[in-house]
Amino acid sequence: MIFLTVAAAGALAAQAAWQQSENLPDLASKWIGSSPEPIAGVASVIDGDTIEIHGQRIRLNGIDAPESAQRCEDAKGFRYRCGANAAAALDGFLAASGPVRCTFAAWDPYNRFVGNCRRADGADVAAWMVEHGQALDWPKYSHGAYAGQQAKAEAAKLGLWIGSFQAPWEWRAGHGSNAQPSVGRPLGIVSRELVAQSGYSCEPRRTCRRIGSCDEAQWYLQNCSWGGKLDRDGDGIPCEPLC
């Protein structure tokens, strides 16, 4: 009788342990390989395809914008900082309807949350950037999701399409360490040396009415966080009555 009781107790314990082990995968699945929750809040712009919300870097899914150090050429062959323009355009677009909400798509090699982001009014952030020529559809990751918006931007010669440029992924391939993700320096910070060479400054802000020449307007467009506001139609040419 004692032997049977001990044996029965052992069987019950074994069954309980087995049932507990069967439940472990369900519990683990909630933590291992699960997708992060959507992130929503006020977005800070890092560059033309990267934002930050609540301290989390978020890479816009399926598009690629010019890098911060990248330069392109406008319709007149004038070299300008297209990466800075893209960041300024994104900043203005997001500021018009916040907060921004991003749902998780993947983690990138730099440990950034890759997300599909929308403004408070529902506007697709990545789609807007491509449709206004400030970023490119990246087929490697988008599978052509924004090809239609890109065709419209190219036909209308908006943003990058006003002149000539190198695709950001090709530019990075040719620039090695200079092509690492932006470290997040606030928009509009210009070196004292650059200001001294040009004689211009980003402070105070200026409107086209307060700018005296096309060269001056181009400098603000290339170097100041608010410079994109001088190019209202996004064609890469600021203060068009002057230029």
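Residues numbered from 1 in each chain as written. Predicted model: local features only at pLDDT ≥ 70, side-chain atom pairs only at ≥ 80, totals over all residues. Heavy atoms only, no water.

## Notes on the state of the cysteines
Rules: When two cysteine sulfur atoms lie within 2.5 Å, the pair is treated as a disulfide. In this text, helices come from DSSP runs of H or I with a minimum length of four residues, and strands from runs of E with a minimum of two, each type numbered from the N-terminal end.
Considering all chains together, one arrives at four disulfides under this definition. The residue that forms a disulfide with C208 is C239, at a sulfur-sulfur distance of 2.1 Å. Around the S-S axis, the bridge from C208 to C239 shows a dihedral of about -90 degrees and counts as left-handed. With C208 in the loop between α7 (192–198) and α8 (214–223) and C239 in the segment after α8, this residue pair connects regions lying 31 residues apart in the sequence.

## Re the confidence of the model for the chain
In low-pLDDT regions, the fine details of the predicted coordinates are not to be read closely. Just so we agree on the cut-off: Each residue gets a pLDDT score, which is the predictor's confidence in that residue and runs from 0 to 100. Throughout, a contact is declared for two residues whenever any of their heavy atoms are within 4.5 Å.
Taken residue by residue, the chain gives an average pLDDT of 80. The fraction at 70 or more is 75%. Taken as a whole, residues 1–32 scores under 50 in pLDDT and shows one contact with residues more than four places along the chain or in a different chain. Every residue in residues 183–197 is under pLDDT 50, and counting partners more than four places away or in other chains gives 20 contacts.

## Description of the side chain of D108
Let me state the cut-off plainly: Any pair of nitrogen or oxygen atoms within 3.5 Å is treated as a polar contact; in protein, a donor-acceptor pairing is required on top of that, and neighbouring residues in sequence qualify only through side-chain atoms on both sides.
Mapped onto the secondary structure, D108 falls in the loop between β8 (100–107) and β9 (113–118). Side-chain polar atoms of D108 contact the side chain of R112, separated by 2.7 Å. Not counting chain neighbours up to four residues away, the residues in contact with D108 comprise R59 and V114.

## Some points on helix α2 (residues 82–95)
Test applied: What a helix is expected to span follows from its residue count: subtract one and scale by 1.5 Å. Under the scheme applied here, a residue whose accessible area is under 20% of the maximum for its type counts as buried, over 50% as exposed, and between as partly exposed, the area being computed with a 1.4 Å probe on protein chains only.
The terminal C-alpha atoms of α2, which comprises 14 residues, lie 20 Å apart, in line with the 20 Å expected from a rise of 1.5 Å per residue. Of all 14 residues in α2, eleven are buried; the element is thus mostly enclosed. Along α2, the residues classified as buried are C82, G83, A84, N85, A86, A87, A88, A89, L90, F93 and L94.

## As for the layout of surface pockets
Put simply, the test is: Buried and open spaces are told apart on a 1 Å grid over the protein atoms alone, a cavity being a set of points where a 1.4 Å probe fits but cannot get out and a pocket being an open set with protein on both sides within 12 Å along at least five of seven lines. Residues with an atom within 4 Å of a point are the lining residues. Grid points are joined across faces, edges and corners, and a volume is the space filled by probe spheres set on the points.
The volume enclosed by the largest pocket comes to roughly 540 Å³. Among the elements that make up the lining of the largest pocket, the one with the highest residue count is α2 (eight residues).

## Some thoughts on the environment of Y220
Within the secondary structure layout, Y220 lies in helix α8. Ignoring sequence-local partners within four residues, the contact set of Y220 consists of Y200, S201, R206, I211, W226, G227 and L230. Here the side chain of Y220 touches E216 through a polar contact of 2.7 Å, side chain to side chain.

## Overview of unusual backbone geometry
For the bond running from G98 to P99, omega is 0 degrees, close enough to zero to count as cis. One non-glycine residue, N111, lies in positive phi territory at about 65 degrees. With respect to the secondary-structure elements, N111 resides in the loop between β8 and β9. Taking relative accessible area as the criterion, N111 reaches 58% and is therefore assigned exposed.

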